[in-house]
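Spelled out, the chains give:
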Amino acid sequence: LFDIDKIFITHFHADHFSELSSLLHWIFSAPKLEKLYNFPITTIYGPRGLKKSLEHLLNAFGKSIYKNKDKKAERIKVVELKQRKIVKIIEGQIEWFEVEHSEKTKDYAYRIKVKDKIICYSGDTRDCKGLREACKNADLAIIEATLPEKWKVKSHLNGEELGKIAEEMGKEKGVSIKA
């Protein structure tokens, strides 16, 4: 907990965002512990609208509990990702790609490169250019595909669709993947 210094949000639907409230509650209202006052500045990155969504989240969970005299809130930095850039991390970088999930919000997949390894992480999305760019030459891709094909939900991948993407992306890397 005390080593978390960067958090990346894919989008603002409750099943991908509301868990942040537990972490913030701990940071803002935990008992006085020496480690707590020495934790690094935590930066929360996410799509445009992050600041407003975070404000709604704090209001929903009783913003008054986050008022403090210790200025712990100053240890939280909020960054809305706009144009594609790269965030440097200890031994690598994180890049983001817009994916297609909700017509009302921006949604991102993240490409994490550490040394010579690449990991793609995406929350909810359909097959789209941004997802494919994030996954290009990835060593590991973590992508939500939990809904059955028979539901035909356009804003989520199903297992069959994800298997086809994995097979195609594997061929680009020279890996044989069977869906």
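Residues numbered from 1 in each chain as written. Predicted model: local features only at pLDDT ≥ 70, side-chain atom pairs only at ≥ 80, totals over all residues. Heavy atoms only, no water.

### Details of the environment of Ile-90
Moving on, step 1. Within the secondary structure, Ile-90 is located in the loop between strand 4 (86–89) and strand 5 (92–99).
Moving on, step 2. Residue class for Ile-90 comes out exposed when judged on its relative accessible area of 83%.
Moving on, step 3. Residues Ile-90 and Val-114, 24 residues apart in the sequence, show an inter-C-alpha distance of 8.5 Å. (Helix = DSSP H or I, 4+ residues; strand = E, 2+ residues; numbered from the N terminus. Buried < 20%, exposed > 50% of the residue type's maximum accessible area, 1.4 Å probe, protein only.)

### Regarding the packing of aromatic side chains
Moving on, step 1. Scanning all chains against the criterion turns up 4 aromatic pairs.
Moving on, step 2. With a centroid separation of 5.1 Å and an interplanar angle of 65 degrees, the aromatic rings of Phe-8 and Tyr-110 are classed as edge-to-face. Taken as a pair, Phe-8 in strand 1 (residues 6–8) and Tyr-110 in strand 6 (residues 107–114) lie far apart in primary sequence, 102 residues in all.
Moving on, step 3. An aromatic cluster of at least three residues, connected via ring pairs, comprises Phe-8, Tyr-45, Tyr-108 and Tyr-110. (Phe/Tyr/Trp six-rings, centres within 6.5 Å; stacked < 30°, edge-to-face > 60°.)

### Some remarks on unusual backbone geometry
Moving on, step 1. With a phi close to 55 degrees, Lys-115 is a non-glycine residue in the positive phi region.
Moving on, step 2. Residue position: Lys-115 is located in the loop between strand 6 and strand 7 (117–122).
Moving on, step 3. Unusually for a residue other than glycine, Lys-152 sits at a positive phi of about 50 degrees.
Moving on, step 4. Secondary-structure assignment places Lys-152 in the loop between strand 8 (140–143) and helix 5 (159–173).

### Comments concerning the pattern of salt bridges
Moving on, step 1. Tallying each qualifying case throughout the model produces 9 salt bridges.
Moving on, step 2. In this structure, Lys-129 engages Glu-133 in a salt bridge whose closest nitrogen and oxygen atoms are separated by 3.8 Å. Within this pair, Lys-129 and its partner Glu-133 are both found in helix 4 (residues 129–135), separated by 4 residues, close to a single helical turn.
Moving on, step 3. Glu-133 sits in the partly exposed class, given a relative accessible area of 29%.
Moving on, step 4. Where salt bridges share partners, they join Asp-127, Arg-132 and Glu-168 into one cluster. (Salt bridge = Lys/Arg side-chain N within 4 Å of Asp/Glu carboxyl O.)

### Structural notes on the sheet that holds strand 2 (residues 42–47)
Moving on, step 1. Spatially, 3 strands are ordered 1-2-3 in an open sheet, and the strand pairing comes out parallel. Looking at the sheet topology across the chains shown, the edges are occupied by strand 1 and strand 3 (76–81). Across the sheet, the mean angle from the axis of one strand to that of its neighbour is 20 degrees, orientation sign disregarded.
Moving on, step 2. Looking at chain direction, strand 2 and strand 3 are connected through 6 bridges and run parallel. From the neighbouring strand, Thr-43 faces strand 3, where its bridge partner is Lys-77.
Moving on, step 3. Contacting strand 2 and strand 3, helix 3 (residues 50–60) runs over the sheet at an angle of about 135 degrees to strand 3. (Pairing = 2+ DSSP bridges. Axes fitted to C-alpha atoms, helices over the stretch in contact; angles between N-to-C directions. Contact = heavy atoms within 4.5 Å.)

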